[in-house]
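What follows is the residue order along each chain.
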Amino acid sequence: MNPTDAQLPPFDLVLFGGTGDLALRKLLPALYFRHHEGQLPDQGRIICVARSELSSQEFIAMMEEAARRHINEEEFHQSTWETFCQRVEYLKVDITVQDDYQKLSDVLSAHPDRVRVFYLSTAPGLFRRICHGVHEAGLVSPLSRVALEKPLGRDLESALQINDELAEVFTEKQIYRIDHYLGKETVQNLMALRFGNSLFEPLWRREHIRDVQITIAESLGVEGRAGYYDQTGALRDMVQNHLLQLLVILAMEPPISIDSDCIRDEKIKVLRALKPITGKDVTKYTVRGQYKAGVLNGEPVVAYRDADGVPPGSNTETYVAIKAEIDSWRWKGVPFFLRTGKSMPEKRTEIIINFRSVPHSIFEMPDSTNRLIIRLQPEEMIKLQIFAKGRGDAMRLLPVNLDLDFDQAFKKRQMIAYERLLSDMIRGHQALFNHRDEVAAAWKWIDPIIAGWEDYSVASQMYSAGTWGPAAASALIARDECGWAEEHPDV
Ligand code: BG6
């Protein structure tokens, strides 16, 4: 991770899938913000590549139309936008036709000394073709990098295959595997909280922590992505990557430096220490759910199975809850409850660390669990719930929060995840990207869960859209005498 906001080196960023949703919704707005903040050098070009027959002007009009939808009005500055557009050009390239790479070569060869990022915002089935295409066109230099979006495979075997294919052309140091959660400032703040403060470290272990809960709840449903989603499901879409990344950052040992290799080494150790959930244990330690029709924010929501493009009777999970355990000295016996779901009552990404109760309570109090609540989305805040004597005659202890609201504290725009990730790949900083061993270790833990679900015909349990998931998820956590956050009205 780079501690500075220094200007980036000269670069050519080639965006494959340039007319796609991710490019228009996230990547180009993120680059616009970096341009607005003065971080992009004059010699920084963005070359968007896709199959549509468009001139650069037509592409820019399309990009502007999308940007106006995805950038707040007060953050869209017309004059900066116009200078930003001067960096952008569009190339019609059919990536399956080798001769078409010549067009790219014509554009790139003028600046062989620049950092070159090939950003593959395409279906994974095209990764290999593009890597070989740019390689055979002589476009890969030591300063070249390749960035790829998830999903990286659908199991260990396919992930290894993708990684092997990338390795035919790029070295590991040139490969940037994206998990956009790592680009979120709040996720980086988790590391700041743990390793920039001496306060928590002595408590950050099994002796003091009773359980950890990580929730990524989304109010959105499948939203027109049924083709991808039904083949993928929440376990592959959210747990294998985003949820495990949060768990790993929470649980890793302090790295010896902020250097990418040191951070990755520690992260991999946690993934490898995850206790496997195999065979029939999947029915005990995991809950698979799917939303049925319900009401969310006063609006009716159709059942997942009735959404456009979802095959009738689909068993694909839109919700997962897991009790994970880490077999290490620090964490042995501490349950990590993970859950994620679509069509839930609100968008909320939150980590709750429940500390152990006082060994002997001398006060009148219902519960003496101190909680550290780290809210990542929608707002960024940290709350430490402690107990204090309420005002009045009685010696009665009540929970109160020590609150840190990042918007109030820093009064600065929160960067979107891709701003950070794009800057880091241009700089050549890999700490916020996944190493191939990390991806493999995550799949090694996920694959047996998928196999168990298949072997034991685990059906998705229904929950109404607009609720916090199936009843079985409450039962899962209750077995350890714990409860999800919404079951604690004080949180
Ligand atoms: C993506 C998933 O990786 O993350 C989506 O494919 C999900 O299904 C999204 O909606 C959530 O990201 P965020 O940043 O909105 O929490």
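A brief report on the enclosed structure follows. Please read all numbers here as calculations on a predicted model, not as lab measurements.

So, the overall build of the chain
Assigned secondary structure in the chain consists of 14 helices and 17 strands. For 491 residues, the compact-globule estimate of 2.2 N^0.38 gives 23 Å, and the chain sits close to it at 24 Å. Relative to its 491 residues, the chain shows a buried fraction of 55%. The contacts of the chain with a sequence gap of at least 6 include a subset with a gap of at least 24, amounting to 77%. By element, 51% of the accessible surface of the chain is carried by carbon and sulfur atoms, the whole surface being about 21400 Å².

Focus on the state of the cysteines
Applying the stated criterion across every chain, the model contains zero disulfides. Take Cys48: it sits in no disulfide, and the sulfur closest to it among the cysteines is that of Cys85, at 10 Å. Judged by its relative accessible area of 0%, Cys48 is buried.

Describing the site of the ligand
Lining the immediate environment of the ligand, one finds Lys150, His180, Tyr181, Lys184, Glu218, Arg225, Asp237, Met238, His242, Lys342, Lys347 and Gln377. Here an oxygen atom of the ligand and a side-chain polar atom of Lys342 are 2.9 Å apart. Contact with the protein chains covers 83% of the free accessible surface of the ligand, which is 400 Å². The greatest single-element share of the shell around the ligand, amounting to three residues, is contributed by helix H8 (residues 226-251). A breakdown of the residues in the shell around the ligand according to their chemical character gives two nonpolar, three polar and seven charged.

Things to note about the sheet that holds strand E11 (residues 319-324)
Each strand in a sheet pairs with its neighbour through backbone hydrogen bonds, running either in the same direction (parallel) or in the opposite one (antiparallel). Read from one edge of the open sheet, nine strands run E16-E15-E14-E13-E7-E12-E11-E8-E17, paired in mixed fashion. Looking at strand neighbours, the two that pair on one side only are strand E16 (397-405) and strand E17 (461-464), the edges of this open sheet. Neighbour-to-neighbour, the strand axes of this sheet turn through a mean angle of 20 degrees, independent of strand direction. The pairing of strand E13 (residues 348-355) with strand E14 (residues 371-377) spans six bridges and is antiparallel. Pairing of Thr349 across the sheet is with Gln377, part of E14. With respect to the sheet, H8 is in contact with strand E7 (209-217), E11, strand E12 (336-341), E13 and E14, its orientation differing from that of E12 by roughly 145 degrees. Packed onto the sheet, helix H14 (residues 471-478) meets E7, strand E8 (286-292), E11, E12 and E17 and runs at close to 10 degrees relative to E11.

Some remarks on the nonpolar core
Ranked by size, the top nonpolar core spans 154 residues in total, and within it Phe16, Leu104 and Tyr119 carry the most contacts. No other element matches the 14 residues that H8 contributes to this core. In this structure, Phe16 is in contact with Val49, Ile95, Tyr101, Leu104, Phe118, Tyr119, Leu120, Ser121, Thr122, Ile130 and Val134, ignoring residues within four places of it in sequence.

As for the pairing of strand E1 (residues 11-16)
Of all six residues in E1, six are buried; the element is thus mostly enclosed. The side-chain alternation of E1 yields two buried faces, one formed by Phe11, Leu13 and Leu15 and the other by Asp12, Val14 and Phe16. Between the parallel elements E1 and strand E2 (residues 44-50), the chain passes through helix H1 (residues 21-36) in a crossover that is right-handed.

Some thoughts on the packing of helix H9 (residues 260-273) against helix H13 (residues 436-455)
Two measures define how a pair of helices packs: the angle their axes make with one another and the distance between the axes. Where H9 meets H13, the axes come as close as 9 Å, and the angle between the chain directions of the two elements is 15 degrees. Classified by the interaxial angle, the pair formed by H9 and H13 is roughly parallel. Along this stretch, H9 crosses H13, giving a crossing that reads as left-handed. Taken together, the residues of H13 that come into contact with H9 (itself represented by Arg264, Lys267, Ile268, Leu271 and Arg272) are Asp437, Glu438, Ala441 and Ala442. Class assignment of the residues belonging to the contact of H9 with H13 gives a composition of four nonpolar, no polar and five charged.

So, the sheet that holds strand E4 (residues 115-120)
In spatial order, the strands read E3-E2-E1-E4-E5-E6; together these six strands make up an open sheet with parallel pairing. Sheet topology places strand E3 (88-92) and strand E6 (175-177) at the edges, where each strand pairs with a single neighbour. Pairs of neighbouring strands in the sheet enclose a mean axial angle of 20 degrees, with direction left out of account. Here helix H4 (residues 101-108) sits on the sheet and contacts E1, E2, E3 and E4; the angle it forms with E2, its principal contact strand, is near 170 degrees.

Here we look at H8
Along its length, H8 reaches its greatest deviation from straightness, about 100 degrees, at Gly233. Of all 26 residues in H8, 23 are buried; the element is thus mostly enclosed.

A closer look at helix H5 (residues 127-136)
Those residues of H5 not exposed but buried are Phe127, Ile130, Cys131, His132, Gly133 and Val134. Phi turns positive, to about 70 degrees, at Gly138, one or two residues after H5.

Conventions adopted
Residues numbered from 1 in each chain as written. Predicted model: local features only at pLDDT ≥ 70, side-chain atom pairs only at ≥ 80, totals over all residues. Heavy atoms only, no water. Helix = DSSP H or I, 4+ residues; strand = E, 2+ residues; numbered from the N terminus. Rg over C-alpha atoms; globule rule 2.2 N^0.38 Å. Buried < 20%, exposed > 50% of the residue type's maximum accessible area, 1.4 Å probe, protein only. Contact = heavy atoms within 4.5 Å. Areas by Shrake-Rupley, 256 points an atom, 1.4 Å probe, with all protein chains shown as cover. Disulfide = S-S within 2.5 Å. Near = heavy atom within 4 Å. Polar contact = N/O pair within 3.5 Å; in protein donor to acceptor, adjacent residues only side chain to side chain. Nonpolar A, V, L, I, M, F, W, Y, C, P; charged D, E, K, R; others polar. Pairing = 2+ DSSP bridges. Axes fitted to C-alpha atoms, helices over the stretch in contact; angles between N-to-C directions. Core = buried A, V, L, I, M, F, W, Y, C linked by side-chain atoms within 4.5 Å. Right-handed = clockwise from strand over helix to strand, strands pointing away. Parallel < 35°, antiparallel > 145°, perpendicular 65-115°, else oblique. Left-handed = near helix turned anticlockwise from the far one by under 90°. Bend = angle between axes of the 7 residues up to and from the residue.

These results come straight from atomic positions and should not be treated as a statement about function.
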